[in-house]
Each structure stands twice: as C-alpha cells, then as structure tokens.
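# Structural description and commentary
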Amino acid sequence: VDGKEYDRKACYEKSLHLDPKSAQGWNVLGAVVFGAVGGGVVDGEEYDTKACFEKALHLDPKLGGYWSNLGFVGGGVVDGGEYDNKACFRKALQLDPTLPAAWTGLAAAGGGVVDGKEYDSKACIEKALHLDPKFAMVWIALGEVGGGVVDGKEYDRKACYEKSLHLDPKSAQGWNVLGAVVFGAVGGGVVDGEEYDTKACFEKALHLDPKLASGWSALGEVGGGVVDGKEYDSKACYEKAVNYDPTLASAW
C-alpha cells in the first residue's frame with residue numbers, strides 16, 4: 001500500500017491499531033496460520049497468541065470459534081474467569097455445536113459434558129467426523145481409539161487409517177500408523193485401490209518425513225527397507241531414529 005509492503009501479520013496489526021475493539025481482528029492476529037504462531041504488536045504492546053484470543057473473547061464472548069481457539073492454546077483467563085482447555089471447548093460447543101475442531105479438542109481433553117449430555121473421546125471424534133467427514137487427521141484420531149461409527153457406518157482401526165490416507169495421501173503420520181503393528185495385527189492396508197504392506201507404509205512415511213523418528217524405529221523392527229532409493233538395515237534405521245529422537249525408548 002503506497003509503496004510499502006505488509007505481510008499477513010502486519011495487516012492484522014494495522015487493523016487493530018485502527019480498531020482495537022474488533023474481536024475478529026484479535027482472533028485472526030492470534031490464529032496460527034501457515035505454520036506461523038500468531039500474536040503480534042499493537043500500538044507498541046506485544047500480545048502472544050493466548051492474549052489475542054483472551055482479548056477477542058473479552059470483546060465478544062459469544063463466539064464459539066474464539067473459545068475453541070483459546071482451548072487449543074491450553075485455555076486462559078476471560079473477564080477474570082479462568083478456563084482450562086476442556087472448559088473452553090465445552091463453552092465453544094454450548095455456543096455452537098457444529099464446530100468440528102471444538103469436538104476434536106474436547107476429544108483430546110478426554111471428552112466432557114455438552115448441553116447436559118456426556119461425550120467420551122470416541123463420541124466427540126464421531127461428532128467431529130459427522131460434521132466434517134473430510135477431516136483427515138480426525139480419521140487418524142478415530143483409529144487411535146479403535147475405530148467407531150460415522151453416519152451409521154462402522155469403521156475399524158485400519159479402515160479409519162485408510163480413509164485418512166484417501167483424504168490426505170501426503171500424511172507421514174497416516175502412513176506410519178497404517179503400517180504399525182497394533183494389538184497383534186500386522187499393519188498395512190489398501191489406499192485408493194493399491195495395497196501396501198507394513199514395510200511399504202513405513203517407507204512411504206519416511207519418504208514424506210525423513211525426520212520421523214518413530215517411522216525409522218518401526219522400519220527397523222521390520223528388518224529395514226528402502227527410503228528415497230537408499231537401503232537401510234535394521235541397525236541403520238535404529239541409529240537414524242535415535243539421532244532424531246534420543247528419548248525414543250523403542251529405538252534403543
């Protein structure tokens with residue numbers, strides 16, 4: 001503007017300089033976008049992500065999405081009242097029960113009571129997927145709790161991971177969990193009509209994220225494999241895993 005360049009954050013800061021009572025302005029300044037943590041400087045004062053969401057809720061406490069955002073940063077203080085992450089997600093869903101992200105947040109917090117009804121983690125995840133069945137990461141979450149029922153159809157653990165990868169085939173985490181050996185069942189599965197065994201899943205995961213320590217450890221457990229054209233035996237896989245995460249007990 002007028003020869004001066006403004007990035008996303010600078011635009012939000014400028015907006016709040018002009019209208020510091022904009023709840024929407026504070027919410028977007030706090031938001032995490034494109035991998036960058038939110039927050040910024042308004043009129044010389046610095047606000048971190050949590051402070052931005054608290055400001056937004058002070059100005060407009062009836063917007064569920066703002067409460068959900070505060071929940072994802074661990075909760076905070078709004079108008080003198082302290083809310084932990086679970087309380088934030090419950091508040092969000094009381095105001096707007098159609099928020100998939102708030103249901104996933106409540107699931108991660110162990111579930112809770114919304115409008116007098118109790119939901120455990122699985123029920124929360126099922127609600128989220130009913131609202132947004134294309135939410136790939138949430139299909140992984142449903143798999144992690146053993147699978148469940150979405151819109152009347154039952155999905156076991158493997159089907160959840162396959163569904164997630166159909167929606168996001170570039171998810172290293174998705175490939176890693178599909179390959180995993182769980183409850184004595186060998187991993188692997190079918191994605192978009194193509195079958196992948198356990199080793200192939202781990203190799204796909206590491207192609208997408210070569211710094212995924214748990215993937216290297218898992219590849220080591222199945223005898224090693226080929227990643228980006230290079231062959232690694234079990235020992236080399238475990239060494240890679242420990243190099244990326246020296247606290248990973250399974251790799252030691």
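In this text, all values refer to a predicted model and were calculated from it rather than measured experimentally. (Residues numbered from 1 in each chain as written. Predicted model: local features only at pLDDT ≥ 70, side-chain atom pairs only at ≥ 80, totals over all residues. Heavy atoms only, no water.)

## A closer look at the overall build of the protein
Note the threshold: Secondary structure counts use DSSP, requiring at least four H or I residues in a row for a helix and at least two E residues in a row for a strand, with both numbered from the N terminus. Exposure classes here rest on a 1.4 Å probe applied to the protein chains alone. A residue is buried below 20% of its type maximum, exposed above 50%, and partly exposed in between. Should any heavy atoms of two residues lie within 4.5 Å, those residues are considered in contact. Per-residue and other accessible areas were derived by the Shrake-Rupley procedure at a 1.4 Å probe size, with only the shown protein chains allowed to occlude residues. Asp and Glu count as negative and Lys and Arg as positive, but His and the ends of the chain are not part of the count. By convention, the point assigned to a charge is CZ for Arg, NZ for Lys, CD for Glu and CG for Asp.
Counting secondary structure elements, the protein contains 13 helices and twelve strands. Expressed as a percentage of the 252 residues in the protein, the buried residues total 40%. Sequence separation of 24 or more characterises 36% of the internal contacts of the protein that already satisfy a separation of 6 or more. On the protein, roughly 13600 Å² of surface is accessible, and the fraction owed to carbon and sulfur atoms is 51%. Of the charged side chains in the protein, 26 are positive and 38 negative, and the gap between their average positions amounts to 2 Å.

## Points about helix H8 (residues 136–144)
Those residues of H8 not exposed but buried are Ala 136, Val 138, Trp 139, Ile 140, Leu 142 and Gly 143. If you follow the buried residues of H8, they end up packed against helix H6 (100–108), helix H7 (121–131), strand S7 (147–150), strand S8 (153–156), helix H9 (157–167) and helix H10 (172–179). Just downstream of H8 lies Gly 146, where phi reads positive at about 95°.

## Here we look at the packing of helix H5 (residues 85–95) against H6
Stated precisely, the cut-off is as follows: What counts as an axis is a line fitted to C-alpha atoms, over the stretch in contact for a helix, and the angles between N-to-C directions run from 0 to 180 degrees. Crossing handedness is read from the near helix: turned anticlockwise from the far helix by less than a right angle, it gives a left-handed crossing, and turned clockwise, a right-handed one. The residue classification treats Ala, Val, Leu, Ile, Met, Phe, Trp, Tyr, Cys and Pro as nonpolar and Asp, Glu, Lys and Arg as charged. All others, Gly included, are polar.
The contact between H5 and H6 brings their axes to 9 Å, and the two run at 150°. For the pair H5 and H6, the sense of crossing is left-handed. Facing Lys 86, Phe 89, Arg 90, Ala 92 and Leu 93 of H5, the residues of H6 in contact are Ala 102, Trp 103, Gly 105 and Leu 106. For the contact of H5 with H6, the residue count by class is six nonpolar, one polar and two charged.

## What to know about unusual backbone geometry
The backbone of Asp 115 shows a phi angle near 50°, a positive value even though the residue is not glycine. Here Asp 115 lies in the loop between strand S5 (112–114) and strand S6 (117–119). Its relative accessible area of 59% is what places Asp 115 among the exposed residues.

## Describing the pairing of S8
To be explicit about the condition: Strand pairing is assigned whenever DSSP detects at least two bridges linking the two strands.
By the bridge criterion, four bridges tie S7 to S8 in an arrangement that is antiparallel. Paired with Val 150 across the bridge in S8 is Lys 153. In this antiparallel pair of consecutive strands, S7 and S8, the connection spans two residues, and Asp 151 shows a positive phi of 50°.

## Let's talk about the packing of aromatic side chains
Applied cut-off: Aromatic pairing here means that ring centres of Phe, Tyr or Trp (its six-membered ring) are within 6.5 Å. Orientation follows from the plane angle: under 30 degrees is stacked, over 60 is edge-to-face, and everything else is tilted.
Going through the model one piece at a time under the given rule, you end up with seven aromatic pairs. Taking the centre distance of 4.6 Å and the plane angle of 65° together, the rings of Trp 26 and Tyr 47 count as edge-to-face. Of this pair, Trp 26 sits in helix H2 (residues 23–30) while Tyr 47 sits in strand S2 (residues 45–47), and the two are 21 residues apart along the sequence. Since its relative accessible area comes to 13%, Tyr 47 is described here as buried.

## A closer look at the nonpolar core
Condition: In this description, a nonpolar core means a group of buried Ala, Val, Leu, Ile, Met, Phe, Trp, Tyr and Cys residues linked to one another through side-chain atoms lying within 4.5 Å.
Residues Trp 26 and Trp 103 are the most contacted members of the largest nonpolar core, which totals 36 residues. Mapped onto this core, the elements with two or more residues apiece are H2, helix H3 (49–59), helix H4 (64–72), H5, H6, H7 and H8. With five residues, the top contributor of residues to this core is H3. Leave out the neighbours within four places in its chain, and Trp 103 touches Leu 93, Pro 97, Val 114, Tyr 119, Cys 124, Lys 127, Ala 128 and Leu 131. Core analysis: the second largest hydrophobic core is formed by 26 residues, Ala 200, Ala 213, Leu 248 and Ala 251 among them.

## With respect to the side chain of Ser 164
Position of Ser 164 relative to the elements: it lies in helix H9. Excluding residues within four positions of it along the chain, Ser 164 makes contact with Ala 136, Trp 139 and Ile 140.

## Examining the packing of helix H11 (residues 198–208) against helix H12 (residues 213–221)
This is how the line gets drawn: Should an angle fall under 35 degrees it is taken as roughly parallel, and over 145 as roughly antiparallel, whereas 65 to 115 is taken as roughly perpendicular and any remaining angle as oblique.
Contact pair H11 / H12: the axes reach a minimum separation of 9 Å and the direction vectors enclose 150°. Taken together, the axes of H11 and H12 lie roughly antiparallel to each other. For H11 against H12, the interelement crossing comes out left-handed. Seen from H11, the contacting residues are Lys 199, Phe 202, Glu 203 and Leu 206; seen from H12, they are Gly 215, Trp 216, Ala 218 and Leu 219. The class makeup of the residues in the contact of H11 with H12 is five nonpolar, one polar and two charged.

## Looking at the environment of Trp 67
When you line up the elements, Trp 67 lands in helix H4. Placed 59 residues apart in sequence, Trp 67 and Arg 8 show a C-alpha to C-alpha distance of 22 Å. Apart from the residues lying within four places of it in its own chain, the contact partners of Trp 67 are Leu 57, Pro 61, Val 78, Tyr 83, Cys 88, Lys 91, Ala 92 and Leu 95.

## Description of the environment of Gly 229
Following the sequence through the fold, Gly 229 ends up in the loop between strand S11 (225–227) and strand S12 (230–232). A sequence separation of 22 residues divides Gly 229 from His 207, and the C-alpha atoms of the two residues are 9.7 Å apart.

## A word on H2
Where burial is concerned, most of H2 is hidden: six out of the eight residues are buried. Tucked inside the fold, the buried residues of H2 contact helix H1 (8–18), strand S1 (40–42), S2, H3 and H4.

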